[in-house]
Amino acid sequence: MSASAGGAGSVDPRVLEAARKSFAPAAAGTITLGAIVHNEACHPEPLVTLPIAMTNRHGLIAGATGTGKTKTLQLIAEQLSAAGVPVFMADLKGDLSGVVTPGQANDRINQRAKETGYAWAGKGFPVEFLSLTGQRGAQLRATVSSFGPLLLSKVLGLNETQSSVLSLVFKYCDDRKLPLLDLPDLRTVLQYLTGDGAADLKDYGGMSKATVGVLLRDMVELEQQGALAFFGEPEFDLDDMIRTVNGQGLVSILELTDVQDKPALFSTFMMWMLARLYHDLPEVGDVEKPKLVFFFDEAHLLFDNASKELINQIEQVVRLIRSKGVGIFFITQNPKDVPPDVLGQLGHRVQHALRAFTPDDEKALRAAARTFPKTEFYDIEETLTTLGIGEALITVLGAKGVPTPPFATRLIPPASRMGPLTDPEMTAKLADSEQVRRYAQAIDRDSAREMLARRMAPEPEPARPSPGGGWDVQTPPTPRRTGKEPPSTMEQILKSSVTRTVAREVTRGLLGALLGTPSRRRRGGLF
């Protein structure tokens, strides 16, 4: 860090004065981040804050492994919850489950609180755990139809030709009113269109059996990874995340420790959640508190090998979802992991230390430094390589939307436990969750698979006299169902996923989420 007029080992008074002018005083409407670090000294006063009203302007938390990104995410999320703002965050390493439990004072916490001048007290927050496998939280599900061809192509790792074939299949199912609820539905449609239904494609351009074979093999691989559990119904109701508990915002944690080896899967599922939020939430403009703040950890996994079309749609979602009252914070190792058009939408920057061991590292360091506002107090490149654990170079948007100068900051400790729940604690928490019970049982309703099975079934034989007198009428088998008696025709119409989510079916996927008419349904009494 640069030398200053304040002398070695002390913070330049000019830096403190500039910080006080730049950041709003710590109060109910702000998130406290930490204390100013300058000239190898930390001033024990938590001057660096983030206005809660500006958290829907999005942000980036970046830094090398082990520099403190997860703890930064944690302290921001818990202060949002305390202010009544619901939070969603993904927990890839299992480090965040302790948010539900008050932290316990120890020497490290006491020392950090003293260094930053922060009155620390342990506190827990209301948490619901979500899971893609159903093993560590409420089972997340989405129908294949609402997931859409663009995101499904990303999960399957398809090339451009294969993706266009998948889009063709979705269009065909839309036109023929064939609901795609799960992967067996999609497999049945693919097999039908390369067999008995091949003639149906004459107006769609057709598709090769070789391409369909690739799709089917990729789907089998996806199913072996557990995808049968999260494609289907009941689809997760995102209203379940956007609520408060005793005045505190609910913290929804997507537990990913059991799917760490499936990065395309969980990163794409989180993007589906964002697209759905954009589609479902009404326009609210600028609000005192966001409806939800969404922390997108390991963000580079979403953008790795993503098509240009997908990146364009992500950029549009990030840009437009602000007006729905949703803030997004991307968490990754290096700012270059995020495409420039997306990075340009992120108003808040919490940059932990970067390493510069190789020429590529040095190039990335220079690129990261150029994204910060200019400052007379720090050599930004040098600062980014000399920050300690739990320190970051921070710039935020102030109350008027103007970015602050960057300040090196020693972050305050989180109030909740900085470690995971034990297995018995997690088991007890899940057993007590009504949300876990609500989504535990899958539903298999009439959909494309059953409809095509009936279409391909042989015609029933005409009635004929039976040997014992009377008539023997051959009838087709009743389609497979689960749970209760087969619904009446009217019940099918009222409960059909096609009827219930017409806008989502017609305008599915990211592009659809942007162009569709948002649903105005919301649960009362939340905000």
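From a predicted model like this one, the values you see are computed outputs, not experimental measurements.

A. Molecular detail of the overall build of the protein chain. When you go through the protein chain residue by residue, the secondary structure sums to 20 helices and 17 strands. When the 527 residues of the protein chain are sorted by exposure, 55% land in the buried category. For the protein chain, the proportion of contacts with a sequence separation of at least 24, taken over those separated by at least 6, is 77%. In the form shown here, the protein chain has an accessible surface area of approximately 22,900 Å², with 53% of it arising from carbon and sulfur atoms.

B. Geometry of the environment of H38. If you trace the backbone, H38 turns up in strand β1 (residues 30–38). Residue classification places H38 among the buried positions, given a relative accessible area of 1%.

C. A look at the nonpolar core. The biggest cluster of nonpolar side chains holds 145 residues, and the ones touching the most others in it are L33, I36, L132, L186, F295 and F330. By residue number, the principal contributor to this core is helix α8 (residues 263–280), which donates 10 residues. Setting aside residues no more than four positions away along its own chain, L33 makes contact with V48, T49, L50, L75, I76, I394, V396, T409, R410, L411 and I412.

D. Structural context of α8. The end-to-end C-alpha distance of α8 is 26 Å, a good match for the 26 Å that 18 residues give at a rise of 1.5 Å each. Among the 18 residues that make up α8, 16 are buried, leaving the element largely enclosed by the rest of the structure.

E. Region of interest: the packing of aromatic side chains. Evaluation of the coordinates by the stated rule reveals 14 aromatic pairs. Ring geometry for F294 versus F296: centroids 6.1 Å apart, planes at 50°, classification tilted. As far as burial versus exposure is concerned, F294 and F296 are alike and both buried. A network of ring pairs unites the aromatic residues F88, F294, F296, F303 and F330 as a single cluster.

F. Examining the side chain of S433 more closely. Within the secondary structure, S433 sits in the loop between α14 (423–431) and α15 (434–438). Given a relative accessible area of 4%, S433 falls into the buried group. Within the structure, S433 has its side chain in polar contact with the side chain of E128 (distance 2.8 Å).

G. The pattern of salt bridges, seen in detail. For the structure shown, the criterion picks out 25 salt bridges. Residues R410 and E115 are paired through a salt bridge, measuring 3.4 Å at the closest nitrogen-oxygen approach. Of this pair, R410 sits in strand β15 (residues 407–411) while E115 is found in helix α3 (residues 107–116), placing the two residues 295 residues apart along the sequence. For R410, a relative accessible area of 18% gives the class buried.

H. Fine view of the pairing of strand β14 (residues 391–395). Burial runs high along β14: five of the five residues are buried. Neither face of β14 is left uncovered, since the one carrying E391, L393 and T395 and the one carrying A392 and I394 both have all their residues buried. As judged from the four bridges shared by β14 and β15, these two strands associate in the antiparallel manner. From the neighbouring strand, E391 faces β15, where its bridge partner is R410.

I. Representation of the environment of R445 within the structure. Note that R445 resides in the loop between α15 and α16 (448–456). Of the residues examined, R445 reaches a relative accessible area of 18% and is grouped as buried. Along the sequence, R445 and G232 sit 213 residues apart, while their C-alpha atoms lie 9.4 Å from each other. In this structure the side chain of R445 is engaged in a polar contact, spanning 2.7 Å, whose partner is the side chain of E233.

J. Main features of the confidence of the model for the protein chain. When pLDDT is averaged across the protein chain, the result is 85; 85% of the residues are at 70 or more. Every residue in residues 509–527 scores below 50 in pLDDT, and together they form 58 contacts with partners more than four places removed in sequence or on other chains.

K. Molecular detail of unusual backbone geometry. Cis peptide bonds are those with omega within 30 degrees of zero, and the linkage from E233 to P234 qualifies with 0°. For P234, the position within the fold is in the loop between α7 (209–224) and β8 (244–245). Even without being glycine, K177 reaches a positive phi, approximately 55°. On the secondary structure map, K177 appears in the loop between α5 (160–175) and α6 (183–193).

L. Quick peek at the packing of α6 against α16. Where α6 contacts α16, the axes come no closer than 8 Å and their chain directions differ by 35°. Contact residues: α6 offers P184, D185, T188, V189 and Y192, while α16 offers A448, R449, E450, L452, R455 and M456. Tallied by class, the residues present in the contact of α6 with α16 amount to six nonpolar, one polar and four charged.

Procedures and definitions
Residues numbered from 1 in each chain as written. Predicted model: local features only at pLDDT ≥ 70, side-chain atom pairs only at ≥ 80, totals over all residues. Heavy atoms only, no water. Helix = DSSP H or I, 4+ residues; strand = E, 2+ residues; numbered from the N terminus. Buried < 20%, exposed > 50% of the residue type's maximum accessible area, 1.4 Å probe, protein only. Contact = heavy atoms within 4.5 Å. Areas by Shrake-Rupley, 256 points an atom, 1.4 Å probe, with all protein chains shown as cover. Core = buried A, V, L, I, M, F, W, Y, C linked by side-chain atoms within 4.5 Å. Expected span 1.5 Å × (residues − 1). Phe/Tyr/Trp six-rings, centres within 6.5 Å; stacked < 30°, edge-to-face > 60°. Polar contact = N/O pair within 3.5 Å; in protein donor to acceptor, adjacent residues only side chain to side chain. Salt bridge = Lys/Arg side-chain N within 4 Å of Asp/Glu carboxyl O. Pairing = 2+ DSSP bridges. pLDDT = per-residue confidence, 0-100. Axes fitted to C-alpha atoms, helices over the stretch in contact; angles between N-to-C directions. Nonpolar A, V, L, I, M, F, W, Y, C, P; charged D, E, K, R; others polar.

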